[in-house]
Protein chains: 2
Amino acid sequence: MAAKDTSKLSEEEHPMKGGDGPNSYANNSAYQKEVAGAAKELVDKAILEKLDLKVLLSSSKTFLIADLGCSIGPNTFFAVKNILEAVKFKYHSHQLCSDQVLEFQVFFSDHTSNDFNMLFKSLPNNRQYYAAGVPGSFYGRLFPNASIHIFHASYAIHWLSRVPKEVVDRNSPAWNKGRIHYLNSTDEVKRAFEAQLAEDMECFLHARAQEIVCGGLMVLIIPGIPHGIPHSHALANMTYQLLESCLMDMVRKGIVSEEKLDSFNIPMYFMSPQELEGCVERNGCFSIEVMKILPHVLAHGTVYNALVSTSHLRAALEGMIEQQFGEEILDDLFDLFHKKFEEQPSTSEPGKAINFLVVLKRN
Amino acid sequence: MAAKDTSKLSEEEHPMKGGDGPNSYANNSAYQKEVAGAAKELVDKAILEKLDLKVLLSSSKTFLIADLGCSIGPNTFFAVKNILEAVKFKYHSHQLCSDQVLEFQVFFSDHTSNDFNMLFKSLPNNRQYYAAGVPGSFYGRLFPNASIHIFHASYAIHWLSRVPKEVVDRNSPAWNKGRIHYLNSTDEVKRAFEAQLAEDMECFLHARAQEIVCGGLMVLIIPGIPHGIPHSHALANMTYQLLESCLMDMVRKGIVSEEKLDSFNIPMYFMSPQELEGCVERNGCFSIEVMKILPHVLAHGTVYNALVSTSHLRAALEGMIEQQFGEEILDDLFDLFHKKFEEQPSTSEPGKAINFLVVLKRN
């Protein structure tokens, strides 16, 4: 068996900021929560229409859910609760084995460096499930064969397993010198990121195909871009170019070394629904049951002001930036980012971004 | 269903010292490891002779093991590896379903305040199982119905779920004023601890009886005392009386308040094999397959010198003492303990202690 994580040495871990302080992910993930809220109805509908409980529960009265890239809450708890309640509703409305209580076990999974202590302390007291934490990368195996009924991953698989090697290799035509991302970079760099996505998605789907029961569902919520638009038009491009220019300023001031900046890239990829479709088709183990672009969730005004954007960015990237550049630059870097964000002309085109929901079913 | 931990409010958590510093449990659990080593052969034999793999695996090709009170390693990893290899050996030697690979999933469980981050970071790289952490008290439910094949708990169930209430109630005849334990106390106090053990063991066995599959095994390694000897003759009595006298000294010096000492008790009970037998019989869900006193493991000379004893005691009790008296007394208290331990006359009777192994099988 292949439970050991052979990819450990080369894979990167970028946990969300732990604890419950002002910069923690726990206090800076309201946007992701809004997105999950927009997806709720679609998830409920998919479970009601696409999940075949009779088959799934033929051999057991326990329903197993796994959330991948769970971070430390609270969003993972909302997502899991929604799924659980939808399954319960379906179970009771179909009067399946009504003599027996359906039990739930939920696996919260994230990188080993995730703050599981914080996650466990935050577990809702009135939860209706048995909880477990599973450390490891979702680009490898995490669970036994055919053991999970529903997988969930929200705002997770846009994190690549690593920065493509060529991108930090000064002898490669894909060397991404002076840039921290592919979005505003050369075609070579873009192709390197695209290839990494294809490789990672195959690992992801291959592992999940073994772990999920036949007929089981996989719910994915993914931040991406619409089909056919150039990478440089992605909304995140603006944010990352701003961050890049802050780091550049710090290089000029001698606070950050040029070498360190050259070897730093954000291992994230914003795919289009069509790109994911291609990955699923190449893998061949899943059918696409739902594929929907989620409505925009800007209505509450919680995003795109300088302060909130800075906090969100910091909660997500702080660990990675600290690892590369050291803790001492963090406050200055994000202060600078905040300042530059505010100074942007409000007329500037905000760029394109979508969140889309995919529900896959194991053949 | 009853996944929620209703006992949460009244139950106490006393995690072993986390991290990997000089006072950590990880670096001060060599004695427990020796005990586990002495038990290994007996555990192997029990699995070979008492485990009915055909029945257990009739519906699944995954074998589930749970270690209760796992702390942060490394002992839990050794224990789990031994069990896994014994099961694997049996599986292959009996050529059961040799066409399919047997997979293992291991649940490491301890209180929510246990350092799971450290545990996950220490997971062996070459492990042959899928790992998960489960936070919560083993005096309540932790797993779905009939989901675990082998439970293991070493040096765990001598921790009571709480200090008996009467013992810290100044209006009760069982008030344990000026003492931190039942071993050298009044009959009323001893009876209160005995009653707590009986109550806790019923909770423990009741929960496990639901979680374990029919024919599943539960392996318990318990530090206790021989049948029929008075509690005050227990080896731990010497240690705790010494600790008590150190705290008393600190009360006299005004470093520790008398009230705090009066309301402090170590929630531990050293049972005899016969007491456990009684609990198992009253519960009625398990048969006792093996019950053996383990050979003494003093040969390596790692225990009973002042320094090692102090370190071990500190690793186990520091959290609890810190909670009651504050962090600032820790160094002084254990320095004093070390000094008093060294000054003891070497002629003093060391007291009685046994470690015993019990293997229970679910009816």
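Residues numbered from 1 in each chain as written. Chains lettered and ligands numbered in written order. Predicted model: local features only at pLDDT ≥ 70, side-chain atom pairs only at ≥ 80, totals over all residues. Heavy atoms only, no water.

A. Quick look at the overall build of chain A. On a plain count of helices and strands, chain A comes out with 10 helices and 7 strands. The 363 residues of chain A split such that 57% are buried. A separation threshold of at least 6 residues defines the contact pool for chain A, and within that pool the share at least 24 residues apart is 84%. Summed over its atoms, the accessible surface of chain A is roughly 15,100 Å², and 51% of this surface lies on carbon and sulfur atoms. (Helix = DSSP H or I, 4+ residues; strand = E, 2+ residues; numbered from the N terminus. Buried < 20%, exposed > 50% of the residue type's maximum accessible area, 1.4 Å probe, protein only. Contact = heavy atoms within 4.5 Å. Areas by Shrake-Rupley, 256 points an atom, 1.4 Å probe, with all protein chains shown as cover.)

B. Geometry of unusual backbone geometry. Residues and elements named next belong to chain A. Here the residue pair Gly-73 and Pro-74 is connected by a cis peptide bond, since its omega of 5° sits within 30 degrees of zero. With respect to the helices and strands, Pro-74 occurs in the loop between strand 1 (62–68) and helix 3 (75–93). The backbone phi angle of Ala-146 is positive, close to 45°, even though this residue is not glycine. Mapping Ala-146 onto the fold places it in the loop between strand 3 (130–135) and strand 4 (148–154).

C. Fine view of the environment of Phe-356 of chain B. Structurally, Phe-356 of chain B can be placed in strand 7 (residues 354–362). Taking the C-alpha atoms as reference points, Phe-356 of chain B and Gly-224 of chain B, separated by 132 residues in sequence, lie 7.2 Å from one another.

D. Spotlight on the packing of helix 6 (residues 235–252) of chain B against helix 10 (residues 330–343) of chain B. Residues and elements named next belong to chain B. Close contact between helix 6 and helix 10 brings their axes to 9 Å; oriented N to C, the two are set at 125°. Relative to helix 10, the element helix 6 lies oblique. For the element pair helix 6 and helix 10, the recorded crossing hand is right-handed. Contact residues: helix 6 offers Met-238, Thr-239, Leu-242, Leu-243, Ser-245, Cys-246, Leu-247, Asp-249 and Met-250, while helix 10 offers Asp-332, Leu-333, Leu-336, Phe-337, Lys-340 and Phe-341. Residues that form the contact of helix 6 with helix 10 fall into these classes: 10 nonpolar, 2 polar and 3 charged. (Axes fitted to C-alpha atoms, helices over the stretch in contact; angles between N-to-C directions. Parallel < 35°, antiparallel > 145°, perpendicular 65-115°, else oblique. Left-handed = near helix turned anticlockwise from the far one by under 90°. Nonpolar A, V, L, I, M, F, W, Y, C, P; charged D, E, K, R; others polar.)

E. Summary view of the side chain of His-149 of chain B. All names here are of chain B. By secondary structure assignment, the location of His-149 is in strand 4 (residues 148–154). A relative accessible area of 5% means that His-149 is categorised as buried. Of note is the side chain of His-149, whose polar atom sits 3.4 Å from the backbone oxygen of Leu-56. Here Leu-64 takes part through its backbone nitrogen, which lies 2.8 Å from a polar atom of the side chain of His-149. In this structure, His-149 is in contact with Leu-56, Leu-57, Thr-62, Phe-63, Leu-64, Ile-212, Val-213, Gly-216 and Leu-217, ignoring residues within four places of it in sequence. (Polar contact = N/O pair within 3.5 Å; in protein donor to acceptor, adjacent residues only side chain to side chain.)

F. View of the relation of the copies chain A and chain B. You can overlay chain A on chain B at an RMSD of 0.0 Å; the transform is a turn of 180° with a shift of 0.0 Å along its axis. The superposition of one copy onto the other is thereby described by a two-fold rotation axis. When each C-alpha of chain A is compared by its distance to the rotation axis, Gly-133 of chain A comes out closest, at 2.4 Å. (Least-squares fit on C-alpha atoms with pLDDT ≥ 70 in both.)

G. Spotlight on the nonpolar core. Leu-317 of chain A together with Leu-317 of chain B are the most contacted members of the largest nonpolar core, which totals 150 residues. The residues touching Leu-317 of chain A, leaving out its near neighbours within four places in the chain, are Trp-159, Tyr-240, Leu-243, Ile-266 and Met-268 of chain A. (Core = buried A, V, L, I, M, F, W, Y, C linked by side-chain atoms within 4.5 Å.)

H. Just the interface of chain A and chain B, in detail. With 36 residues of chain A in contact, the opposing surface of chain B contributes 36 residues. For the chain A and chain B pair, buried surface summed over both sides reaches about 3,000 Å², with 58% attributable to carbon and sulfur atoms. With a closest N to O distance of 3.5 Å, Arg-141 of chain B and Glu-103 of chain A form a salt bridge. Counting across the interface, chain A meets chain B through 11 residue pairs in polar contact (both at pLDDT 80 or more). Residue assignment for the side of chain A that touches chain B shows that the elements contributing at least two residues are strand 2 (103–110), helix 4 (116–122) and strand 3 of chain A. When residues in the side of chain A that touches chain B are grouped by element, the largest group, 6 residues, is from strand 3 of chain A. Residue composition of the side of chain A that touches chain B, by class: 19 nonpolar, 10 polar and 7 charged. (Buried area = accessible area lost by both parts, 1.4 Å probe. Salt bridge = Lys/Arg side-chain N within 4 Å of Asp/Glu carboxyl O.)

I. Fine view of the packing of aromatic side chains. Throughout the structure, instances matching the rule amount to 29 aromatic pairs over all chains. An angle of 55° between the planes, with centres 6.1 Å apart, marks the rings of Phe-108 of chain B and Tyr-129 of chain B as tilted. In this pair, Phe-108 of chain B sits in strand 2 (residues 103–110) while Tyr-129 of chain B sits in the loop between helix 4 (116–122) and strand 3 (130–135), placing the two residues 21 residues apart along the sequence. On the accessibility criterion, Phe-108 of chain B (0% relative accessible area) is buried. Between Phe-264 of chain B and Phe-325 of chain B, the ring centres sit 5.1 Å apart and the planes meet at 65°, which makes this aromatic pair edge-to-face. Placement of the pair is Phe-264 of chain B in the loop between helix 7 (258–262) and helix 8 (273–283) and Phe-325 of chain B in helix 9 (residues 306–325), with a sequence separation of 61 residues. No difference in accessibility class separates Phe-264 of chain B from Phe-325 of chain B, as the two residues are buried. Every member of this aromatic cluster is reached through a ring pair, and the members are Phe-107, Phe-143 and Phe-151 of chain A together with Phe-107, Phe-143 and Phe-151 of chain B. If you follow Arg-208 of chain A out to its NZ or CZ, it ends over the ring of Phe-151 of chain A, 5.4 Å from the centre. (Phe/Tyr/Trp six-rings, centres within 6.5 Å; stacked < 30°, edge-to-face > 60°. Lys NZ or Arg CZ within 6 Å of the ring centre and 35° of its normal.)

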